[in-house]
Amino acid sequence: MRVMFRILCLALTLSIFTGCVHNSSVQKGFNEGNARINQDFNLGWSFIRDVNDDDLPPDAAATWKLVDLPHDYSIESPFVPPANSTGSNKKRDVGALGLHMGSRSTGYLPGGLAWYKKEFSLPEAYSGKKIQILFDGVYMYSDVWLNGNHLGHHHYGYTAFAYDLTPHLNEKGKNILFVRVNNKLESRWYPGSGIYRPVKLVVSDHMHIPIWGTYVTTPQVTSDKADILVETTISNDSKQEQEVKLFTRILDANGNEVAQTESSQTISPDKIVLVKQDLQVNQPELWSLELPNLYKTVSEVIVNNTIVDDLITNFGIRTLKFDSKEGFTLNGKYTKLKGVCIHHDNGILGAESYAWAEERKVLKLKEMGCNAIRCAHNPPSTTFLDACDKHGMLVINEAFDEWKRPKANGYAPFLDKWWKTDLSSMVLRDRNHPSIIMWSIGNEIPEQGYPEGPETAKMLADYVRKLDLTRPTTHAIQPGHATWGDRFPPPEYFAAVDVCGYNYESISRDRHKQGFATSHKEFPNRIMYQSEAQMPMFFKDWMLITDNRHILGDFVWTGIDYLGEVGCGREKEDQASFPAYIAMCGDLDICLNRKPRSYYRQLLWSGEKTVFATVQKPEEYDCKKTWWGWQPSISTWTWDVEQGKKMQVDVYSGCEEAELFLNGQSLGKKETSRNTEFIASWEVPYEKGVLKVVGYENGKLIAKHTLKSATDAQAIKLHADRQTIDANGCDICYINVELVGKNRIYNPMDDHEVVFEIGGPATIAAVGTGNPYAPIDYPFHGNKCKTYEGRATLILRSTTTSGDIKVKALCQGLNDGIVTLKAQ
């Protein structure tokens, strides 16, 4: 079976008219691109927790605190140990605050009810305009009021939504906006709480393109030309019939116009039309993993020769093909999906979604060789997808973790009423992102083992296809879960989607004799991939996938550590519950520091002739492997153990042989090949100095990796990942902190409390480490922390003032660390 995804001719509105390409530009007697205003609406909010589960905000005597968005009120709260916990002597009675307690699933951080308030006045330029407010994500059960008028309810915490403020605005006076949020912690992982994604005011004419009203597809693509179909919805919310002209231009990455077209039609009052316009781009620069070239459409709505609305839409030109025999190709190039699953949180920021936090995630995953991300198990932020577009990262965008049968009592109560709303939000918001290659309708859905499963799956998948036919639908099955009685889904369940995801394929293979090999034989037209996988099986899984062209790829659980689902990849048994608070199953920790396992994965993905040495933690760590764990180790030759203690050194090697040296003395050569799973191990008596591994190919040294012992920590080393941040109040910078000895070598065995002083126009957004144990004495929004394995991370947030920023890190007995950057 071959599935080609390129184009859908969408017809959702009342009238359709078509424009043709021409070479002359529209006669211009107007200002370009100044009609629509997308105003960031993130600064100057007020926040308060509440105990009354009603529709009335706290009274005037209540004390509100000032906050800026994005804001997660769970991450700024104290941890709440379970009732039987002995992990802390600082248990807090938070019942009086009306908080929902947290659990292992949600990282022992509370949720509960809260209110946001924003008072604002409109500038004169907004008079007579249509004004909408767009929330990219609010967790959860949100209600919005403007000047006492209830605008609506949105239950789901992961889909975007908008309200029209226009009918209830005071154009010349004060406006008061209230947002009520209630996080009942009905989640299998840490969700965060509050308005955790950005908010915008969208100011337009009453003759306008609705939010997400432009849809760009590429029906035919060759090296010589690309046919572009632009479908634009125009809404006339005025009371007058108007003659409208839609002028659409395509710009390349350098801002050069490469195509244009124009269409005209009369639109009646309170009517919506859909405009279809065909354009052509010659010698297109394709969007790919290596060169993610982007184009943009500029859509201008013109009335009486004046631009009354405009909308810029980014898109990419590329082709996707999924084949049950030949696998996946991008732009005709055979491509294995080297994927990871990730949850949406940003570590010590909680769920707060800043553009740079999302982009940094993508860059760090790309650095380790990842080319695909499965968004588990909900739609991500817009800024995350923008980063994937920008850097060439493929994405599976996933809608739900539940349908009607509950797992954590999360989405199940709402599916019947809200599934169309939430699927529409996901697909309409995201369908212009070239990074997205599949739409997933669900993860490990209990219905997969019940009679109604195929019918519900078909209903959801068919609706997604109505919104976008340029990508396949998929879902992730998991046959081994007790929730659905270990039932294997029937063929009809698989057939409801275009591409089939197998979570933990070995379970299907071992328990049900329905792994990849059997499925491919019995259902040769089924397109399949491993949508979720455990780390201990990675070598066997990846060899199976690389040996079989038809298997699209693999998505490991997980690329990045996340809050909640505590201890599923733990190193010790006491990390299965409080005071541990993170999952510990990522290739990167919650501060995005790489773990040794990430280098092993990179080696197998890339096939590069490299070597990497890491040292297993000694037995007193009581290390335990789990389904999602990996042998605990640190890539260091600095250990707090007695001289002569035997340490296991593991070498990940893509070379034919690896040789290990300690202080210049060879400890022998060992084969590193598929036969050894590309790993060689030595037991080495600990002796401070230099540990070095070299790799050989055909007897020739081609790679090496060296570890040097550090002295006791003597200084704090700071590194800012950006030298300049925007003075917009919402930009951030990560400061990496390391404790180093006198030879400037990082020392993971010597941890200290570090205090931070900030000078200049910046505030602390978060401070913390990758320590799996809850930092009870070091709040994430404080100004100090204790390092973990010699590292910490400080995150700065800009203000609206430009200037120099100076960061100083202090610790008694150590030389200060200092770093500077600019806000402008």
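Residues numbered from 1 in each chain as written. Predicted model: local features only at pLDDT ≥ 70, side-chain atom pairs only at ≥ 80, totals over all residues. Heavy atoms only, no water.

Draft legend 1. Focus on the environment of Leu691. Locating Leu691 in the fold gives a position in strand β38 (residues 690-697). With 132 residues separating them in the primary sequence, Leu691 and Gly559 have C-alpha atoms 29 Å apart. For Leu691, the residues in contact, after removing those within four places along its chain, are Val615, Trp637, Val649, Leu660, Phe661, Leu662, His705, Thr706 and Leu707. (Helix = DSSP H or I, 4+ residues; strand = E, 2+ residues; numbered from the N terminus. Contact = heavy atoms within 4.5 Å.)

Draft legend 2. Local environment of the packing of aromatic side chains. Under the counting rule described, the total for this entry stands at 41 aromatic pairs. An angle of 85° between the planes, with centres 5.3 Å apart, marks the rings of Phe41 and Phe120 as edge-to-face. With Phe41 in the loop between β3 (37-40) and β4 (45-49) and Phe120 in strand β6 (residues 112-120), this residue pair connects regions lying 79 residues apart in the sequence. Judged on exposure class, the residue Phe41 and its partner Phe120 are both buried. Ring centres of Phe488 and Phe494 lie 5.8 Å apart, and the angle between their planes is 35°; on these two criteria the pair is classed as tilted. The rings of Phe538, Trp542, Tyr599, Tyr600, Trp605, Phe612, Trp630 and Tyr652 are connected pair by pair, giving a single aromatic cluster. The aromatic ring of Phe523 is capped on one face by Arg526, whose charged end is 4.2 Å from the ring centroid. Directly above the ring of Tyr334 sits Arg549, whose terminal nitrogen or CZ lies 3.8 Å from the centroid. (Phe/Tyr/Trp six-rings, centres within 6.5 Å; stacked < 30°, edge-to-face > 60°. Buried < 20%, exposed > 50% of the residue type's maximum accessible area, 1.4 Å probe, protein only. Lys NZ or Arg CZ within 6 Å of the ring centre and 35° of its normal.)

Draft legend 3. Examining the sheet that holds strand β39 (residues 700-708) more closely. Strand order in the open sheet formed by four strands is β36-β35-β38-β39, with antiparallel pairing between adjacent strands. Across the chains shown, the open sheet's two edge strands, defined by having one partner strand only, are β36 (665-671) and β39. The mean angle between the axes of side-by-side strands here comes to 20°, regardless of whether they run parallel or antiparallel. Pairing geometry for strand β35 (residues 657-662) and β36, over five bridges, is antiparallel. Residue Phe661 lies in a different strand from β36, and its bridge partner there is Ser666. (Pairing = 2+ DSSP bridges. Axes fitted to C-alpha atoms, helices over the stretch in contact; angles between N-to-C directions.)

Draft legend 4. Main features of helix α2 (residues 382-391). Those residues of α2 that fall on the buried side of the exposure criterion are Phe384, Leu385, Ala387, Cys388, Asp389 and His391. If you follow the buried residues of α2, they end up packed against β24 (337-342), α1 (355-367), β25 (372-375), β26 (394-398), α3 (415-430) and β27 (436-443). Backbone geometry just after α2 places Gly392 at a positive phi near 75°.

Draft legend 5. Local environment of α1. With 13 residues, α1 should cover 18 Å at 1.5 Å per step; its first-to-last C-alpha distance of 18 Å lies within 8% of that length. Of the surrounding elements, those touching the buried residues of α1 are β24, β25, α2 and β42 (732-740). Gly369 occupies a position one or two residues after α1 and carries a positive phi of about 100°. (Expected span 1.5 Å × (residues − 1).)

Draft legend 6. Broad picture of the pairing of strand β16 (residues 242-251). Of all 10 residues in β16, eight are buried, a share of seventy percent or more. When β16 meets strand β17 (residues 257-267), the two strands line up antiparallel, connected through 10 bridges. Paired with Ile250 across the bridge in β17 is Ala259. Between β16 and β17, which pair antiparallel one after the other, the connecting turn spans five residues, and Gly255 there sits at a positive phi close to 85°. Bridge count between β16 and strand β19 (residues 295-303): seven bridges; the pairing is antiparallel. Counted as the bridge partner of Leu251 is Lys296 from β19.

Draft legend 7. Local environment of the packing of helix α8 (residues 538-547) against helix α9 (residues 596-606). Between α8 and α9, whose axes approach to 11 Å, the crossing angle comes to 15°. As the angle between them shows, α8 and α9 are arranged roughly parallel. Considering only the axes of α8 and α9, their crossing is right-handed. Seen from α8, the contacting residues are Phe538, Phe539, Trp542 and Met543; seen from α9, they are Tyr600, Arg601, Leu604 and Trp605. Across the contact of α8 with α9, the residue classes break down as seven nonpolar, no polar and one charged. (Parallel < 35°, antiparallel > 145°, perpendicular 65-115°, else oblique. Left-handed = near helix turned anticlockwise from the far one by under 90°. Nonpolar A, V, L, I, M, F, W, Y, C, P; charged D, E, K, R; others polar.)

Draft legend 8. Geometry of the pattern of salt bridges. For the structure on display, the rule yields 41 salt bridges. Note that Asp462 is salt-bridged to Arg465, the shortest N-O span being 2.7 Å. In this pair, Asp462 and Arg465 both sit in helix α4 (residues 453-467), three residues apart, roughly one turn of the helix. A salt bridge links Arg601 to Asp587; the nearest nitrogen and oxygen atoms lie 2.4 Å apart. Here the residue Arg601 occupies a position in helix α9, and Asp587 occupies one in the loop between β31 (551-557) and α9, the gap between them amounting to 14 residues. When its relative accessible area of 0% is taken as the criterion, Arg601 is described as buried. Salt bridges linked by common partners bring Arg188, Asp401, Lys407 and Glu565 together as one network. (Salt bridge = Lys/Arg side-chain N within 4 Å of Asp/Glu carboxyl O.)

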